[in-house]
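# Observations on the three-dimensional arrangement
What follows is the residue order along each chain.
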Amino acid sequence: NSNQTLQAIKKLEEAIHLYPNSFRAQFTMGYLMVLADKYPDAVRYFQTALRMEPKSAETLNNLGVAYMQQHQYLDAINSLYKAAEYGDSKELCQNLVNGIASLPPIARNTPTIKPAMDAASLLASKYGINGPSGTVTIVGLSEKRKKRGSEEDDRFAVSAGTGFFINDQGLII
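Residues numbered from 1 in each chain as written. Predicted model: local features only at pLDDT ≥ 70, side-chain atom pairs only at ≥ 80, totals over all residues. Heavy atoms only, no water.

## Things to note about helix 5 (residues 73–87)
Between its first and last C-alpha, helix 5 extends 20 Å over 15 residues, near the 21 Å set by a 1.5 Å rise per residue. A76, I77, S79, L80, A83 and A84 are the residues of helix 5 that are buried. Buried residues along helix 5 sit in contact with helix 4 (57–69), helix 6 (90–102) and helix 8 (114–127). (Helix = DSSP H or I, 4+ residues; strand = E, 2+ residues; numbered from the N terminus. Expected span 1.5 Å × (residues − 1). Buried < 20%, exposed > 50% of the residue type's maximum accessible area, 1.4 Å probe, protein only. Contact = heavy atoms within 4.5 Å.)

## Examining the pattern of salt bridges
Pairing is possible between side chains that carry opposite charge, provided their charged atoms lie close to one another. Applying the stated criterion across every chain, the model contains 4 salt bridges. A salt bridge links D41 to R44; the nearest nitrogen and oxygen atoms lie 3.3 Å apart. Taken as a pair, D41 and R44 lie in helix 3 (residues 39–52) at a separation of 3 residues, close to a single helical turn. According to the relative accessible area criterion, D41 is partly exposed, its value standing at 27%. Between D118 and K114 there is a salt bridge, with its nearest N and O atoms 3.2 Å apart. On the criterion of helical spacing, the pair formed by D118 and K114 is a turn pair, its members being 4 residues apart in helix 8. The partly exposed category is assigned to D118, whose relative accessible area is 43%. (Salt bridge = Lys/Arg side-chain N within 4 Å of Asp/Glu carboxyl O.)

## What to know about the packing of aromatic side chains
In this structure the tally under the stated criterion is 3 aromatic pairs. In textbook terms, an aromatic cluster arises when at least three aromatic residues are bridged by ring pairs, as seen for F23, F27, Y31 and F46. (Phe/Tyr/Trp six-rings, centres within 6.5 Å; stacked < 30°, edge-to-face > 60°.)

## Side note on helix 4
Under the 1.5 Å per step criterion, the end-to-end length of helix 4 is 18 Å for 13 residues, consistent within 8% with the ideal 18 Å. Directly beyond the C-terminal end of helix 4, a positive phi value near 65° is found at H71.

## A word on the nonpolar core
Nonpolar side chains tend to gather and get buried jointly when the protein is soluble and globular. M29, M33, V34, I77 and L96 are the most contacted members of the largest nonpolar core, which totals 44 residues. If you list the elements that add at least two residues to this core, you get helix 1 (5–18), helix 2 (23–35), helix 3, helix 4, helix 5, helix 6 and helix 8. Residues in contact with L96, not counting those within four places in the same chain, are I77, L80, Y81, A84, A116 and A120. (Core = buried A, V, L, I, M, F, W, Y, C linked by side-chain atoms within 4.5 Å.)

## Some remarks on the packing of helix 2 against helix 4
It is the contact of helix 2 with helix 4, at a shortest axis distance of 10 Å, that shows an interaxial angle of 30°. Taken together, helix 2 and helix 4 sit at an angle that is classed as roughly parallel. As for how helix 2 packs across helix 4, the hand of that crossing is left-handed. For the pair formed by helix 2 and helix 4, the contact residues are F23, F27, Y31 and V34 on the first element and E58, T59, N62, V65 and A66 on the second. Of the residues that constitute the contact of helix 2 with helix 4, the class distribution is 6 nonpolar, 2 polar and 1 charged. (Axes fitted to C-alpha atoms, helices over the stretch in contact; angles between N-to-C directions. Parallel < 35°, antiparallel > 145°, perpendicular 65-115°, else oblique. Left-handed = near helix turned anticlockwise from the far one by under 90°. Nonpolar A, V, L, I, M, F, W, Y, C, P; charged D, E, K, R; others polar.)

Right, here's the structure in full:
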C-alpha cells in the first residue's frame, strides 16, 4: 500500500521462512510473482497456499492464470474451473472462458474439459459474457476473506516478553 513492493517482498520472504503455513503470505507472494511474470514461482506459492485452503477461489484462479502463461492449458482449465465452482463471479467466469478459448483445438475434445466448457457456457450466460476478452484477471483476496484471515492468523500469533514464576505450581506473571 505504501509503494514499497520490493521491501514488501523481502518481508514476505522472511514471514514465509518464519511462518511457512501462513496462507496469506503464500497467497500474496504468488500474486506478486504473477505480476513479476515469474510464473513457476507463482505456481509454487499458490500450490502451497492451496494445501492450507483447498477451496480458495482466488488462489485457484490465480494458479490457473499462472498455468495459462506457461502454456499448461489443461492444468489451467482444471484450476479455473474449480475457481468458478467455488467462487462464481464474473471475473472468474471470464478467465474460464478465456482459458477455454486459448486451448488448442485437439485439447477441447478431451473428456475432462467438457464439464468446464459446460460450466463456462452456463456462467457466461448468467454474467452476459459473449466470449473471450483476450486478457486474464488476477484477483486478490475478497474483503470477507481478508477479515476472516486476520482472525485466523491471530490464533497462530507468536508473542515474546518477560515473565516471572510466582509460585511452585508454575503461575507466571
